[in-house]
Amino acid sequence: MTVLDTAPARARLLELIKELAVVRGKVILSSGAEADYYIDLRRVTLHHEASRLVGQVMLAMLDEAGIGFESAGGLTMGADPVGTALMHAAGDAGRAVDAFVVRKAQKSYGMGRQVEGPDVSGRPVVVLEDTSTTGGSALAAVDGVRKAGGEVKAVAVIVDRDTGAKERIEQEAGVPYLFAFGKDELGLD
């Protein structure tokens, strides 16, 4: 697998995250914690230019870490555009990587699935998230993927808030936790 020089993509993505996603002011996070800033990465993952960069940077990060996988996704909704971006970046590189979506709960109708998309059973997968505070969403996705038979190789996020998610995920899920950018790179220390 060839690792491309993604330094320009990484630098531009960092600029876009700072410009589009960092919102300053008191906010309550999904974890219930209060913060002086909010990182709204949907403003990046759904942006016409940034989305492509997200896929390139996340794919390169996983490749550099030696994580082999065939499918990537996570808990809906934060992970959905990240998985799609990564799938397209892999496709642009001539690689077949599928995306999947993990529902918060298994459906009680239709196929009754919690993990939607191409089947993850028996396949190496990466669980994605845009950002993580406590790791709860990523851990819920890991649980759903494992129940569906997927072999979780890592959890990867765009921005780590440095609030304990890495430690919790590595301890509870037993897989590496990777992140493209730390909050220090965003000037949030």
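Residues numbered from 1 in each chain as written. Predicted model: local features only at pLDDT ≥ 70, side-chain atom pairs only at ≥ 80, totals over all residues. Heavy atoms only, no water.

A.B. asks: Can you break down the pattern of salt bridges residue by residue, with the values?
C.D. replies: Following the criterion strictly, the structure yields 15 salt bridges and no others. Across the salt bridge formed by K26 and D36, the nearest N and O atoms sit 2.6 Å from each other. One end of the pair, K26, is in strand β1 (residues 22-28); the other, D36, is in strand β2 (residues 34-39), with 10 residues separating them in the sequence. For E116, the salt bridge goes to R103, with nearest N and O atoms at 3.1 Å. Taken as a pair, E116 in strand β5 (residues 115-116) and R103 in the loop between β4 (98-102) and β5 lie far apart in primary sequence, 13 residues in all. Given a relative accessible area of 28%, R103 falls into the partly exposed group. Through salt bridges that share partners, R12, E15 and E49 make up one connected network. (Salt bridge = Lys/Arg side-chain N within 4 Å of Asp/Glu carboxyl O. Helix = DSSP H or I, 4+ residues; strand = E, 2+ residues; numbered from the N terminus. Buried < 20%, exposed > 50% of the residue type's maximum accessible area, 1.4 Å probe, protein only.)

A.B. asks: So, the packing of helix α5 (residues 136-147) against helix α6 (residues 165-173): which residues are in play, and what are the values?
C.D. replies: At their nearest, the axes of α5 and α6 sit 10 Å apart, and the two run at 20° to each other. By the angle between their axes, α5 is roughly parallel relative to α6. In the packing of α5 onto α6, the handedness of the crossing is right-handed. In this structure, α5 uses G136, A138, L139, V142 and R146 to contact α6, whose residues at the interface are R168, I169, E172 and A173. In terms of residue class, the contact of α5 with α6 is built from five nonpolar, one polar and three charged. (Axes fitted to C-alpha atoms, helices over the stretch in contact; angles between N-to-C directions. Parallel < 35°, antiparallel > 145°, perpendicular 65-115°, else oblique. Left-handed = near helix turned anticlockwise from the far one by under 90°. Contact = heavy atoms within 4.5 Å. Nonpolar A, V, L, I, M, F, W, Y, C, P; charged D, E, K, R; others polar.)

A.B. asks: Describe in detail the side chain of S132, supporting the description with residues and values.
C.D. replies: Structurally, the position occupied by S132 is in strand β6 (residues 124-132). Classification of S132 by relative accessible area gives buried; the value is 5%. A distance of 3.1 Å separates a polar side-chain atom of S132 from the backbone nitrogen of G135. Leave out the neighbours within four places in its chain, and S132 touches V157, V159, D160, R161, T163, A165, I169 and Y177. (Polar contact = N/O pair within 3.5 Å; in protein donor to acceptor, adjacent residues only side chain to side chain.)

A.B. asks: Pulling in residues and values, what's your account of the layout of surface pockets?
C.D. replies: The space that makes up the largest pocket amounts to roughly 500 Å³. Looking at the largest pocket, it is lined by 24 residues, and the ones nearest its centre are S30, E129, D130, T131 and S137. Those elements giving two or more residues to the lining of the largest pocket turn out to be β2, β6 and α5. Among the elements that make up the lining of the largest pocket, the one with the highest residue count is β6 (four residues). By residue class, the composition of the lining of the largest pocket is seven nonpolar, 11 polar and six charged. (1 Å grid on protein atoms, 1.4 Å probe; cavity = no way out; pocket = protein on both sides within 12 Å on 5 of 7 lines; lining within 4 Å. Points joined across faces, edges and corners; volume = space filled by probe spheres on them.)

A.B. asks: Lay out the environment of L29 with the relevant residues and their values.
C.D. replies: Note that L29 resides in the loop between β1 and β2. The class of L29 is buried, set by a relative accessible area of 8%. For the pair L29 and L14, spaced 15 residues apart in sequence, the C-alpha separation works out to 22 Å.

A.B. asks: Go over the environment of V57, please, and point to the residues and values.
C.D. replies: Relative to the assigned elements, V57 resides in helix α3 (residues 50-64). Given the relative accessible area of 5%, V57 is considered buried. Separated by 65 residues in sequence, V57 and G122 place their C-alpha atoms 26 Å apart. Contact partners of V57, with chain neighbours within four places excluded, come to A9, R10, L13, A180 and F181.

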